[in-house]
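# Residue-level structure breakdown
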Amino acid sequence: MAEAVLEREAPAALELPRRNRVLEGVRGYGLIVAMWIRSTMTYRTSFLLSAFGNAAITLLDFVAITIMFSHVDVLGGFTLPEIALLYGSCTASLGLADLLLGNTHRIGARIRDGSLDTMLVRPVPVLAQVAADRFALRRLGRCVQGLGVLAWAVSVLDVEWTAGKVLLMPVMITAGAGIFGAVMVAGAAFQFLAGDAAEVQNSFTYGGCTMLQYPPTVFAKELLRGVTFVVPLAFVNWLPALHVLGRPDPLGLPEWVAYASPLVAFAVFLPASLAWRAGVRSYRSTGS
C-alpha cells in the first residue's frame, strides 16, 4: 500500500521546479521548527536547564585543555588563547550545524521502522522534514558556549586585526557550519545504503570537531592532506585561523585558501545533496 502511494506521489514532487522545491523546503522547515520551539517553550525552565547542561557538558572539553596547559606552556607551538580560538570556532560551527541539521542522523531509524513513508507523501521535501523533526533548541547551548570561548580568545590574543581578518571570523563560523552540515547530509544519504550508520556520521562531525580543537602541527602531514583534500574539515577553522594568527600552513598552501571556506562548503554540499536525492529515489518502503 505504501509503495503504491509513493509511486503516485514521488513523480509529481519531482516535477516541481527546483526553485519552488527549495522555497517549499525552507518554508516547511520553518513551520516544523516553529512548532517544536512552541512546544519547547511550554516548559521554559526545563529548556533553560537542558541548554545550560548541554553547554556545560561541551565546556568540559575546554576544561581538559586548560588543565593540560597547567603543565605545559605551549602545545604544538600554540598557546592557550590560540587553541581557544580553534576550539571556540569549531564548537560554534558544529553547534550551529547540529542545531539546524543534527536530526538527520535519525534517518536510519526511520528507514527501519517505516516512518519515512509518511514523510515521502507529504508536500514538503524529505530533507527539510527529517532535519526539522524533533528540533532541539537546547543544542543552542553548544553554539553559545563555543562563541563565549571564541570571544575570550579574541579579546586576549595579540593579533594585528585587519578588515579582512575581522570579516573572516563570522565567515569561518558560518562556512564551517556549512561544511559540517554537508557531512551530516552525506552521512544521512549513506544510511539509505547501510541501513544505520549514525556513528559513522558522528565520527566525521563530533570526532572531526575534537580533532580541529587542537593545532594542526601536532598531526602527521598525511592526516592533514586527508582533511584538506578528501574530507575538507581543515577549512572549518584550521586554515582560516592560521591566517588570522599569522602562522604558516603546514602544507604550504597559499594564503588565499583561508578565504575559500564558503566555496568549499558549497562544493561539498552539492555532491552531498545529490547523494541524498539518489538515496531517497532508491528507497523502498517497508510495506508496513
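Residues numbered from 1 in each chain as written. Predicted model: local features only at pLDDT ≥ 70, side-chain atom pairs only at ≥ 80, totals over all residues. Heavy atoms only, no water.

Inspection of the entire model under this criterion finds 3 salt bridges. As a salt-bridge pair, Arg247 and Glu82 come within 3.1 Å of each other at their nearest N and O atoms. One end of the pair, Arg247, is in the loop between helix 12 (238–245) and helix 13 (261–282); the other, Glu82, is in helix 4 (residues 80–101), with 165 residues separating them in the sequence. Overall, the relative accessible area of 28% leaves Arg247 in the partly exposed class. Judged by its relative accessible area of 11%, Glu82 is buried. A salt bridge links Arg139 to Asp98; the nearest nitrogen and oxygen atoms lie 3.8 Å apart. Here Arg139, found in the loop between helix 7 (126–132) and helix 8 (140–156), pairs with Asp98, found in helix 4; they are 41 residues apart in sequence, far enough to count as distant. The residues Arg139 and Asp98 share a single accessibility class, namely buried. (Salt bridge = Lys/Arg side-chain N within 4 Å of Asp/Glu carboxyl O. Helix = DSSP H or I, 4+ residues; strand = E, 2+ residues; numbered from the N terminus. Buried < 20%, exposed > 50% of the residue type's maximum accessible area, 1.4 Å probe, protein only.)

The next point concerns the nonpolar core. Ranked by size, the top nonpolar core spans 75 residues in total, and within it Leu85, Leu116, Phe180 and Trp276 carry the most contacts. Of the residues forming this core, the biggest block, 14 residues, is contributed by helix 9 (residues 163–194). Once you skip the residues sitting within four places of it in the chain, Trp276 turns out to touch Ile107, Val126, Leu127, Val130, Val185, Ala188, Ala189 and Phe192. (Core = buried A, V, L, I, M, F, W, Y, C linked by side-chain atoms within 4.5 Å. Contact = heavy atoms within 4.5 Å.)

Each pair of aromatic rings is reported with the distance of its centres and the angle of its planes. For the structure shown, the criterion picks out 5 aromatic pairs. Centroid distance Phe62 to Tyr87: 5.1 Å. Interplanar angle 40 degrees. Geometry classified as tilted. Of the two residues, Phe62 sits in helix 3 (residues 44–68) while Tyr87 sits in helix 4, which places them 25 residues apart along the sequence. Like Tyr87, Phe62 is buried. Look at Phe219 and Trp238: their rings are 5.6 Å apart centre to centre, the planes differ by 45 degrees, and that puts the pair in the tilted class. Taken as a pair, Phe219 in the loop between helix 10 (198–212) and helix 11 (221–230) and Trp238 in helix 12 lie far apart in primary sequence, 19 residues in all. Aromatic ring contacts, followed pair by pair, group Phe62, Tyr87 and Trp152 into a single cluster. Positioned over the ring face of Phe78 is Arg247, at 4.2 Å from the centre of the ring. (Phe/Tyr/Trp six-rings, centres within 6.5 Å; stacked < 30°, edge-to-face > 60°. Lys NZ or Arg CZ within 6 Å of the ring centre and 35° of its normal.)

With that settled, consider the packing of helix 3 against helix 8. Between helix 3 and helix 8, the shortest axis-to-axis distance is 7 Å and the interhelical angle comes to 45 degrees. Judged by the angle between their axes, helix 3 and helix 8 are oblique. The element helix 3 and its partner helix 8 pack so that their crossing is right-handed. Touching Ala51, Asn54, Ala55, Thr58, Leu59 and Phe62 of helix 3 are Gly141, Arg142, Gln145, Val149 and Trp152, all from helix 8. Grouping the amino acids of the contact of helix 3 with helix 8 by side-chain chemistry returns 6 nonpolar, 4 polar and 1 charged. (Axes fitted to C-alpha atoms, helices over the stretch in contact; angles between N-to-C directions. Parallel < 35°, antiparallel > 145°, perpendicular 65-115°, else oblique. Left-handed = near helix turned anticlockwise from the far one by under 90°. Nonpolar A, V, L, I, M, F, W, Y, C, P; charged D, E, K, R; others polar.)

Looking now at the confidence of the model for the chain. Per-residue confidence for the chain gives a mean pLDDT of 87, with 92% of residues at or over 70. Counting interchain partners and residues more than four positions distant, the pLDDT-below-50 stretch residues 1–16 has 16 contacts. (pLDDT = per-residue confidence, 0-100.)

Phi at Arg134 is positive, roughly 55 degrees, even though this residue is not glycine. Within the secondary structure, Arg134 sits in the loop between helix 7 and helix 8.

What follows is about the side chain of Thr205. Examined against the element boundaries, Thr205 turns out to sit in helix 10. Exposure remark for Thr205: the relative accessible area of 1% places this residue in the buried category. Every residue in contact with Thr205, bar those within four places of it in the chain, is listed here: Leu94, Phe180, Val183 and Met184.

Glancing now at the packing of helix 4 against helix 12. Axis separation between helix 4 and helix 12 bottoms out at 10 Å; the angle between their running directions is 145 degrees. Considering how the two elements wind past one another, helix 4 and helix 12 form a crossing that is right-handed. Across the interface between the two elements, Glu82, Leu85 and Leu86 of helix 4 pack against Trp238, Ala241, Val244 and Leu245 of helix 12. Split into classes, the residues belonging to the contact of helix 4 with helix 12 amount to 6 nonpolar, no polar and 1 charged.

Our next topic: a nonpolar patch on the surface. Together, Leu59, Leu60, Val63 and Ile67 give the surface a local cluster of nonpolar side chains, amounting to about 330 Å² of exposed area. Secondary-structure assignment places Val63 in helix 3. The class for Val63 is partly exposed, based on a relative accessible area of 35%. (Patch = residues over 30% accessible without salt bridge, like charges linked within 9 Å, V, L, I, M, F, W, Y side chains within 5 Å. Areas by Shrake-Rupley, 256 points an atom, 1.4 Å probe, with all protein chains shown as cover.)

To continue, consider helix 9. Compared with an ideal rise of 1.5 Å per residue, which puts 32 residues at 46 Å, helix 9 spans 46 Å between its outermost C-alpha atoms and is within 8% of the ideal. If you look at helix 9, its biggest bend is around 30 degrees, right at Met169, and the proline Pro170 turns up within four residues after that. (Expected span 1.5 Å × (residues − 1). Bend = angle between axes of the 7 residues up to and from the residue.)

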